[in-house]
Amino acid sequence: MASYKRFLGSFGLKRKALVIFLIFVILPTFGVVVFVQVQFNEVLREQFINSTKRNLDNVVGQLGEQTKMVEDIANYFILSPDMRNFLRTSPPLSSEQQAVLKRNIEDFLTFQLMSKGYIRSIEILGYNGNSIEMGEPFRGDETKWEEAAKAQKGGITWTEGYSLHSDWNGEVRVLSMFRILNSYSKITLPLGRLIIRLDEASIVGLLEKGIFKDGVGSVFIVGPEGQEILRTNPPSPKDLHPNESLLDKLSASGQGDLTYEVKGQRYLTLYKKMENTDWTLVAMIPEAKVSEEFRGIKMIMLVILAAIMMLGLTALIGFHYTIIRPILRLKKETSKVTYGDFNARVPVKSNDEISELNRKFNEMVETIQQLIEHKYKLELRERESELKLLQNQMDPHFLYNTLDMIRWTARLEQASKSSQLIEMLSKFFRSSMSNGNYQTTLRKELEFAQSYLYQYGGGSLRGRPGGLAARLEACARRQSLPCCIRL
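Quick caveat: nothing in here was measured; it's all calculated off a predicted structure.

Student: How should I be thinking about the overall build of the chain in this particular structure?
Tutor: A tally of regular secondary structure across the chain gives 14 helices and 14 strands. Taken over 487 residues, the chain has a buried fraction of 34%. Of the contacts formed within the chain by residues at least 6 apart in sequence, a portion of 57% connects residues at least 24 apart.

Following this line, the structure appears as structure tokens:
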């Protein structure tokens, strides 16, 4: 804690404000936005997966309904008396009976073709030579599926998507159901073959519109043995295919979705089983496309982050101009005062606490300036007085020196009386100069009086016995008391 305080204490106000802004605004805001964005992406991903699963369930339901309707048609033909009579081998049918039965069957098939647009053609071929072909006429090799139907011995055989030539539309792709129609009374006796051809493009359109938007991703219908029944638009890469390993992982996941990687590209993979056909619908969506679904949300989050950063920056700028800058200006003016510039002043532009501090600073500087000017005047007067006193001291000394020179000149000229008068005058002046001292001894005062009387009383006073001068001189010699008088 102490090291932290020392570290922070070495910073100026600008750096402190920047550090505080970085620690308490930028980093928390960035962390919160990143956390919210990650969590929100997870929520959006879950919503996307759940939505795709619901769409997949709807498609499976619709496709299951279509295949169930086709299987119901096949079951109806087995149970239909008209179909049994039309395909019987004995007793043979008359032409009129055959025509009536054929018309009844064709009416039923016409209704089915008109009500179910995904059925392109229905073909019935009896082993007694009778046949019915309704819908779009096709030509092509279907031997593979015919053999597979025979092996089922009356069971339903669904083909993969394959190509046939249509007399109406040329080359088309279909998905067909093959079934051997056995006798109702003798279930092992085959009477004929039923082929119902479905429009592959219609089924692909159902898959794409029901699951994806804008053709994103690929959907596969996988058979019970892992064979590919049908796929939507050619996937990229071309070898993208729900193999056995992927199907095992999907089954083991228990959630119906997982992330699968193919050639470095990750795919969100979902699957759903169809109960009546035992098919599995597998949807594979590139993770990049999933992320694109959230691009708008990410942009909104980035805009919010940028807005928060801008507000924080604006707050920092406002803090700088309203608090830091006035304090730095006050510091600058304080430095001027430190170096002796007492004209330093801080502008006061508002009524906040910093302006009040600036106002008090201006008053303080003005008071200091007045005190310094007063002290300067006092010092100046004191120096003038000292100078005057020095001058007053110098003038008597000049006079003393002059009197001494005159006294010695008088002695040299043998004028002893003049010399004594000049000496008394010099003593008189020395005694009269107090040099600012208002206390003196009684002896000095007696000497002062003696000098005065000698000068103004004449030299004859000194010679009179018992005279005033003699008595003062005797008193001055006897005076040894430390007496003083105040003048």
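Student: Could you clarify how one ought to interpret the side chain of Glu333 in this entry?
Tutor: Its place among the elements puts Glu333 in helix 9 (residues 295-338). What makes Glu333 buried here is its relative accessible area of 9%. Other than its neighbours up to four places away in sequence, Glu333 contacts Ala344, Arg345, Val346 and Phe361.

Student: Which parts of the structure should I look at to understand the sheet that holds strand 8 (residues 218-222)?
Tutor: Neighbouring strands of a sheet are bound in pairs by backbone hydrogen bonds; such pairs are parallel or else antiparallel. Strand order across the open sheet formed by five strands is 9-8-12-11-10, with antiparallel pairing between neighbours. Unpaired on one side and paired on the other, strand 9 (228-231) and strand 10 (257-262) mark the two borders of the sheet. For this sheet the average axis-to-axis angle between neighbouring strands, irrespective of direction, equals 30 degrees. Direction of pairing for strand 10 relative to strand 11 (residues 265-273): antiparallel, over a ladder of six bridges. Looking across to strand 11, one finds that Glu261 is bridged to Arg266. Sheet strands in contact with helix 7 (residues 244-253) are strand 8, strand 10, strand 11 and strand 12 (280-286), and its direction is about 155 degrees off that of strand 10.

Student: I keep staring at the packing of helix 2 (residues 13-79) against helix 9 and nothing clicks. Help me out?
Tutor: Each pair of packed helices can be described by the angle between their axes along with the distance between the axes. Between helix 2 and helix 9, the least distance of the axes is 10 Å, while the angle of their chain directions is 165 degrees. Judged by the angle between their axes, helix 2 and helix 9 are roughly antiparallel. Taken as a pair, helix 2 and helix 9 cross one another with a handedness that is right-handed. Split into classes, the residues belonging to the contact of helix 2 with helix 9 amount to 22 nonpolar, five polar and two charged.

Student: Would you take a moment to explain the packing of aromatic side chains for this structure?
Tutor: The description of an aromatic ring pair uses the distance of the two centres, along with the angle that the planes make with each other. All told, the structure shown has five aromatic pairs when counted by the stated rule. Plain terms: the ring middles of Trp158 and Trp279 are 5.4 Å apart, the flat faces sit at 70 degrees to each other, and that makes the pair edge-to-face. Of this pair, Trp158 sits in strand 4 (residues 156-158) while Trp279 sits in the loop between strand 11 and strand 12; the two residues are 121 residues apart in sequence, bridging distant segments of the chain. By relative accessible area, Trp158 is classed as buried at 12%. By relative accessible area, which is 2% here, Trp279 ends up buried. Feature note: the residues Tyr76, Phe77 and Phe108 constitute an aromatic cluster, connected by ring pairs.

Student: Help me understand the pattern of salt bridges, please; the structure alone is not making it clear to me.
Tutor: Side chains bearing opposite charge may pair, as long as their charged atoms lie close to each other. Evaluated as defined, the whole model comprises 14 salt bridges. A salt bridge links Glu136 to Arg120; its shortest N-O distance comes to 2.8 Å. Taken together, the positions of Glu136 in the loop between strand 2 (131-135) and strand 3 (138-139) and Arg120 in strand 1 (residues 119-126) put the pair 16 residues apart, joining distant regions of the chain. Note on accessibility: Glu136 and Arg120 belong to one class, buried.

Student: So what exactly am I meant to see when it comes to unusual backbone geometry here?
Tutor: What is expected of a backbone is that most residues other than glycine have negative phi and most peptide bonds are trans. Here the bond from Ser90 into Pro91 is cis, since omega is -10 degrees, no more than 30 degrees from zero. By the secondary structure assignment, Pro91 is in the loop between helix 3 (81-87) and helix 4 (95-115). Phi at Lys153 is positive, roughly 55 degrees, even though this residue is not glycine. Structurally, Lys153 can be placed in the loop between helix 5 (143-152) and strand 4. Residue Lys153 is classed as exposed on the basis of its relative accessible area, which comes to 70%. Of note, the phi angle at Asp278 is positive, near 65 degrees, even though the residue is not glycine. For Asp278, the location among the structural elements is in the loop between strand 11 and strand 12.

Student: Explain the nonpolar core to me, please; I cannot follow it from the model alone.
Tutor: Soluble, globular proteins show a tendency: their nonpolar side chains are buried together. Membership of the largest hydrophobic core comes to 51 residues, with the highest contact counts inside it found for Phe77, Ile119, Ile124, Leu194, Ile196, Ile221 and Leu281. A total of 12 residues in this core trace back to one element, the largest contributor, which is helix 2. Counting residues in each nonpolar core, the second largest holds 12 residues, with Val222, Leu240, Leu246 and Tyr267 among its members.

Analysis parameters
Residues numbered from 1 in each chain as written. Predicted model: local features only at pLDDT ≥ 70, side-chain atom pairs only at ≥ 80, totals over all residues. Heavy atoms only, no water. Helix = DSSP H or I, 4+ residues; strand = E, 2+ residues; numbered from the N terminus. Buried < 20%, exposed > 50% of the residue type's maximum accessible area, 1.4 Å probe, protein only. Contact = heavy atoms within 4.5 Å. Pairing = 2+ DSSP bridges. Axes fitted to C-alpha atoms, helices over the stretch in contact; angles between N-to-C directions. Parallel < 35°, antiparallel > 145°, perpendicular 65-115°, else oblique. Left-handed = near helix turned anticlockwise from the far one by under 90°. Nonpolar A, V, L, I, M, F, W, Y, C, P; charged D, E, K, R; others polar. Phe/Tyr/Trp six-rings, centres within 6.5 Å; stacked < 30°, edge-to-face > 60°. Salt bridge = Lys/Arg side-chain N within 4 Å of Asp/Glu carboxyl O. Core = buried A, V, L, I, M, F, W, Y, C linked by side-chain atoms within 4.5 Å.

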